[in-house]
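Summary of structural features
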Amino acid sequence: MKIEDTQIQEWKDKYGSVYALPVEDKTAYLREPKMKDFKRAFTAMQDSGDLAFGEQMINLLFIGGDEEIKTNDEYFLPARKEIKEFFNFDEAEITKEKNNHIITIGDATCKVRMITRDDLKLAEKKNPGNKPFVTQEKLFEAVCTSKDAVFDDRDNANVRFPLYQAIEKLQNMKVAIIKKL
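Description of the structure in this document. Nothing here was measured: the structure is a model prediction, and the numbers come from that model.

We now examine the pattern of salt bridges. As enumerated under the stated definition, the model contains 13 salt bridges in all. Put simply, Lys-26 and Glu-68 hold a salt bridge, and the shortest N to O gap is 3.8 Å. In this pair, Lys-26 is assigned in strand E2 (residues 26–31) and Glu-68 in helix H4 (residues 68–71), connecting sequence segments 42 residues apart. Judged by relative accessible area, which is 30%, Glu-68 ranks as partly exposed. In this structure, Glu-137 and Arg-160 form a salt bridge, with 3.5 Å as the shortest nitrogen-oxygen distance. Of this pair, Glu-137 sits in helix H7 (residues 134–143) while Arg-160 sits in helix H8 (residues 157–171); the two residues are 23 residues apart in sequence, bridging distant segments of the chain. Residue Glu-137 is classed as buried on the basis of its relative accessible area of 9%. Exposure remark for Arg-160: the relative accessible area of 0% places this residue in the buried category.

Printed below as a string of structure tokens:
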């Protein structure tokens, strides 16, 4: 199926970034994922396994092209392996400032205070259904003392994934290794 440049431009105007996912003689066109898409896919994975993650992501992001990539295993199975490319995000930079840490992602920064056990308990309590990314979001809300406006967009995966990774690193600044004696 040949997609015209005008159609691709319409998709870009509507969705932002657009990706071609060719598999041999077929091509799927996907929009850029948002955090809500990752949340739905991770929920599917929790419920039904890794395969469900790929199915959910392709179905959610598919905006046009050859439907066989979604329905025919010969095309779907290699296509789902490529979904991992959506996880190539910039890494956050973490710098210490007295009892706080500055997290920088691209040009955006936020300041967080030290994360405590009580912060973690409260964040986990605010996520009784154990939904993906909710605990990290609640933890960020609890420890953030200042932030650039870009951190208000909870659906921006380009900021959220590096932010959540940085918060995870801050929880594990010291290294612990259990040794059998």
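This part covers helix H5 (residues 73–82). All buried positions along H5 are accounted for by Tyr-75, Phe-76 and Ala-79. Viewed end-on, H5 has its buried residues packed into an arc of 95°, placing them on one side of the element. Exposed and oriented more than 90 degrees from the buried face of H5 are Asp-73, Glu-74 and Lys-81. Its side-chain oxygen at 2.8 Å from the backbone nitrogen of Glu-74, Asn-72 defines the N-terminal cap of H5.

The 4 strands lie next to each other as E4-E5-E6-E7, forming an open sheet whose pairing is antiparallel. Whereas interior strands pair on both sides, the edge strands pair on one side only; in this sheet they are strand E4 (93–97) and strand E7 (144–147). In this sheet, adjacent strand axes meet at a mean angle of 20° when their direction is disregarded. Summarising the sheet, E4 and strand E5 (residues 100–105) pair through 5 bridges and their orientation is antiparallel. For Glu-93, the partnering residue across the bridge sits in E5 and is Thr-104.

In space, the 3 strands of this open sheet follow the order E1-E2-E3, with antiparallel pairing throughout. Sheet topology places strand E1 (18–23) and strand E3 (62–65) at the edges, where each strand pairs with a single neighbour. Sheet twist, expressed as the average angle between the axes of neighbouring strands with direction ignored, equals 25°. Pairing of E1 with E2 involves 6 bridges; the strand directions are antiparallel. Counted as the bridge partner of Leu-21 is Ala-28 from E2.

What follows concerns the nonpolar core. Core analysis: the largest hydrophobic core is formed by 40 residues, its most contacted members being Ile-103 and Leu-163. Looking at this core, the element that brings in the most residues is H8, giving 8 residues. What Leu-163 contacts, discounting residues up to four positions off in sequence, is Ile-103, Ile-105, Cys-110, Phe-140 and Phe-151. Of all hydrophobic cores here, the second largest spans 6 residues; its members include Ile-3, Ile-8, Tyr-29 and Ile-63.

The subject of this paragraph is the packing of aromatic side chains. To describe a pair of aromatic rings, one takes the distance between the centres and the angle between the planes. All told, the structure shown has 9 aromatic pairs when counted by the stated rule. A ring pair is formed by Phe-38 and Phe-89, whose centres lie 6.4 Å apart and whose planes are at 70°; its orientation type is edge-to-face. Residue Phe-38 is located in helix H2 (residues 35–48), and its partner Phe-89 is located in the loop between H5 and E4; the two are separated by 51 residues in the primary sequence. Residues Phe-42 and Phe-133 carry aromatic rings whose centres are separated by 5.3 Å and whose planes lie at 90° to one another, so their mutual orientation is edge-to-face. Here Phe-133 lies in the loop between helix H6 (117–125) and H7 and Phe-42 lies in helix H2, a separation of 91 residues in the sequence. A relative accessible area of 10% means that Phe-133 is categorised as buried.

The rules behind these values
- Residues numbered from 1 in each chain as written.
- Predicted model: local features only at pLDDT ≥ 70, side-chain atom pairs only at ≥ 80, totals over all residues.
- Heavy atoms only, no water.
- Salt bridge = Lys/Arg side-chain N within 4 Å of Asp/Glu carboxyl O.
- Helix = DSSP H or I, 4+ residues; strand = E, 2+ residues; numbered from the N terminus.
- Buried < 20%, exposed > 50% of the residue type's maximum accessible area, 1.4 Å probe, protein only.
- Arc of directions from axis to C-beta.
- Polar contact = N/O pair within 3.5 Å; in protein donor to acceptor, adjacent residues only side chain to side chain.
- Pairing = 2+ DSSP bridges.
- Axes fitted to C-alpha atoms, helices over the stretch in contact; angles between N-to-C directions.
- Core = buried A, V, L, I, M, F, W, Y, C linked by side-chain atoms within 4.5 Å.
- Contact = heavy atoms within 4.5 Å.
- Phe/Tyr/Trp six-rings, centres within 6.5 Å; stacked < 30°, edge-to-face > 60°.

Worth remembering: the numbers are spatial, not functional.
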